[in-house]
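Analysis of the macromolecular model
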Amino acid sequence: MNKIGVLVMSYGTPESLDQVEAYYTHIRRGNPPTEEQLKELKDRYEAIVGGVFPLRANTDSQVAALQETLDRLNPDKGLQFVCYQGLKHARPFIEDGVAKMAEDGITEAVGIVLAPHYSVMSVGGYIKRAQAKAEECGLKMKFIESYHLHPKLIQAFAERVSAKLDLFEEAGAERSKVKVLFSAHSLPEKILAMGDPYQDQLLATSAAVAEKAGAGSWQFTWQSAGRTAVPWLGPDILDTLRTLSQEQVEDVLVAPVGFVSDHLEILYDLDIEAKAIAKELDIRLERIDSLNTDPLYMETLSEVILNTQAKE
Ligand SMILES: CC1=C(CCC(=O)O)c2cc3nc(cc4[nH]c(cc5[nH]c(cc1n2)c(C)c5CCC(=O)O)c(CCC(=O)O)c4C)C(CCC(=O)O)=C3C
Ligand SMILES: [Fe+2]
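Under an unreviewed UniProt entry, the name given to the protein chain is Coproporphyrin III ferrochelatase, and the source organism is Paenibacillus woosongensis. The UniProt entry for the protein chain carries the following text under Subcellular location (unreviewed entry): "Cytoplasm". Turning to the protein chain, the UniProt annotation filed under Sequence similarities (unreviewed entry) states: "Belongs to the ferrochelatase family."

Structure (structure tokens):
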């Protein structure tokens with residue numbers, strides 16, 4: 001049986017509170033955080049679920065679900081796709097995943113990231129590291145850079161937006177007046193001058209989801225900007241909520257389309273931090289459920305992976 005490796009890449013999260021320092025140091029390219037920064041990050045993890053790191057189980061489940069979906073959708077019975085995990089900032093690292101494929105005798109692989117939009121600073125970084133290790137191991141790799149307009153991805157997000165708009169309506173709000181706020185992780189502003197596609201891809205996803213979900217009123221905002229000296233893309237969601245409040249908006253549905261699973265930036269930055277500001281402003285803030293192992297998301301990933309073989 002001919003085997004094709006699938007390197008499924010994701011951000012990674014610590015396994016326990018005592019690993020947060022090493023994790024944070026890795027994110028900071030080897031510079032350890034100050035005591036204060038470390039405490040602040042640990043506090044955020046403790047606030048979400050008391051020191052459990054949901055992204056780990058979520059990534060494991062996504063990889064398992066992707067394996068099942070690939071097995072089911074692959075039309076070529078002489079070819080088997082085998083998934084491996086590769087994380088950006090935690091074990092198993094991207095390099096570990098590539099090395100494992102090579103050890104298992106795999107010579108050809110496809111790399112994909114559990115994030116739909118390309119930026120040279122996000123997905124570009126994952127791909128660069130995987131490619132370097134693949135060359136070292138003599139592995140031939142292809143990469144999927146983005147899949148932000150795949151019809152099944154748009155449908156999955158749109159169904160979630162629509163379901164939450166129903167709830168607003170049941171609670172007495174006028175559906176067309178609920179502000180749908182699409183969001184994604186901010187990046188340093190310099191990416192715009194570099195001609196990076198990140199922002200345009202996010203706006204394209206947002207417009208497609210808004211249209212499919214029949215959202216009456218929507219806009220895009222950034223979230224989770226880093227606390228560094230350089231300017232980050234804005235407006236930030238907390239400022240956007242303040243502006244919306246001034247515009248007499250009372251109902252807001254946040255749709256974080258830059259993320260595909262429940263983790264810190266969803267469970268803390270939105271569910272705790274943004275919700276607290278919304279409460280102060282008397283805004284009803286809800287968010288769409290995360291995709292996690294949604295079958296439509298798994299089919300999106302499977303279809304783009306299978307497509308890399310069809311093109312040959
Ligand atoms: C574009 C992007 C995505 C989306 C695409 C993708 O998924 O790749 C993403 C996702 C995530 N980011 C995450 C966590 C963190 N990101 C940080 C810091 C940073 N993120 C950045 C970018 C991104 N990050 C950047 C440019 C920095 C500054 C440092 C640097 O230049 O690299 C920090 C440090 C402290 C802080 O700034 O808050 C933390 C803890 C978690 C895991 C949460 C969990 O464990 O549940 C996830 C899914
Ligand atoms: Fe991040």
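Strand order in the open sheet made by the four strands is E2-E1-E3-E4, with parallel pairing throughout. With one partner strand each, in any of the chains shown, strand E2 (79–87) and strand E4 (140–143) form the two edges of the open sheet. Pairs of neighbouring strands in the sheet enclose a mean axial angle of 25°, with direction left out of account. Direction of pairing for strand E1 (residues 2–10) relative to E2: parallel, over a ladder of nine bridges. Bridge pairing in E2 links Asn2 to Leu79. Contacting E1, E2, strand E3 (108–113) and E4, helix H5 (residues 123–137) crosses the sheet at an angle of about 170° to E4.

What follows concerns the packing of helix H9 (residues 237–246) against helix H11 (residues 269–280). At a closest axis distance of 9 Å, the pairing of H9 and H11 adopts a crossing angle of 25°. If you check the angle between H9 and H11, you find them roughly parallel. In terms of crossing hand, the pair formed by H9 and H11 is right-handed. In this structure, H9 uses Ile237, Leu238, Leu241 and Arg242 to contact H11, whose residues at the interface are Leu270, Glu273, Ala274, Ile277 and Ala278.

The rules behind each value
- Residues numbered from 1 in each chain as written.
- Chains lettered and ligands numbered in written order.
- Predicted model: local features only at pLDDT ≥ 70, side-chain atom pairs only at ≥ 80, totals over all residues.
- Heavy atoms only, no water.
- UniProt positions renumbered as here; feature names shortened; annotations may be inferred.
- Pairing = 2+ DSSP bridges.
- Helix = DSSP H or I, 4+ residues; strand = E, 2+ residues; numbered from the N terminus.
- Axes fitted to C-alpha atoms, helices over the stretch in contact; angles between N-to-C directions.
- Contact = heavy atoms within 4.5 Å.
- Parallel < 35°, antiparallel > 145°, perpendicular 65-115°, else oblique.
- Left-handed = near helix turned anticlockwise from the far one by under 90°.

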